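# Fold and contact review
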Amino acid sequence: MPDTEHAYAVTVTWTGNKGAGTRTHRGYDRAFEAAAPGKPTIAGSSDPAFRGDPARWNPEDLLVASLCACHKLWYLGLCAQAGIVVTAYADTAEGRMTEEPGGGGQFTAVILRPRVTVTAESDAEAALALHHRAHAQCFIARSVNFAVTHEPTIVREGD
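Here the structure is a predicted model, which means the values were calculated and not measured.

Quick look at the sheet that holds strand β8 (residues 147-150) now. A sheet is described by the order of its strands in space; here three strands give the open sequence β5-β6-β8, paired in mixed fashion. The sheet is open, and its two edges are formed by β5 (94-99) and β8, each paired on a single side. Pairs of neighbouring strands in the sheet enclose a mean axial angle of 15°, with direction left out of account. As defined by bridge partners, β5 adjoins strand β6 (residues 105-112) across six bridges and the pair is classed as antiparallel.

This part is about the environment of Arg96. Among the secondary structure elements, Arg96 is positioned in strand β5. Between the alpha carbons of Arg96 and Glu60 there is a distance of 9.4 Å; along the sequence they are 36 residues apart. In contact with Arg96, not counting residues within four places along its chain, are Gln106, Phe107, Thr108 and Ala109.

Next up on the list: the sheet that holds strand β7 (residues 114-118). In spatial order, the strands read β4-β7-β9; together these three strands make up an open sheet with mixed pairing. Across the chains shown, the open sheet's two edge strands, defined by having one partner strand only, are β4 (86-91) and β9 (153-156). Here the strands of the sheet are splayed against their neighbours by 15° on average, with no regard to which way each runs. Direction of pairing for β7 relative to β9: parallel, over a ladder of four bridges. The partner of Thr117 across the bridge, within β9, is Val155. Packing against the sheet, helix α2 (residues 124-137) makes contact with β4, β7 and β9, and its axis sits at approximately 155° to β9.

Another aspect to go through is unusual backbone geometry. Positive phi, normally seen in glycine, also occurs at Arg51, with a value near 70°. Along the chain, the position of Arg51 falls in the loop between β3 (42-44) and α1 (59-82).

About the thresholds
Position labels on residues start from 1 in each chain and follow its written sequence. The model is predicted, so local features are restricted to residues of pLDDT at least 70 and side-chain atom pairs to those at 80 or more, both for listing and for counting; the totals for chains, interfaces and linings are taken over all residues. With hydrogens and water stripped out, all remaining heavy atoms of the structure feed into the side-chain values. Strands are labelled as partners when DSSP assigns at least two bridges between them. In DSSP terms, a helix is any run of H or I states spanning at least four residues, a strand is any run of E spanning at least two, and both are numbered starting from the N terminus. Helix axes are fitted to C-alpha atoms over the stretch in contact, other axes to C-alpha atoms as well, and angles between N-to-C directions run from 0 to 180 degrees. Only heavy atoms matter for contacts: two residues are in contact if any of them lie within 4.5 Å across the pair.

Below is the structure:
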């Protein structure tokens, strides 16, 4: 069976020109807008540590959010296939990035901490185990070069 390829088209437009462009390092905003056909625009900036706007999403936030969302989507699908009924899901993930003296850097780890509520009739142990399968399937986690771990909590309704 041949591989299936998917394509994703996104346009990122810098909106931070204050009139003088990048004439000076402090003379421009790091603001941008990320857009894709038929989807709401995302207001972005750099991390506040890098002169960004704290009210806007930054690339680091979006990377961690992508990992969370991918894991969740796989997990919910696997639960549905296994007959485990999830009624709530929230993930309080944390990413770690190391900045190097020369200005470069990289993510070193992301920890997903999903808190999942399942019905009283659902198998909590099986629900917990499915996080391992979701992690193994997540396209985003499989694409990064740093550790993505998970510390899930399963709560059964009525417990």
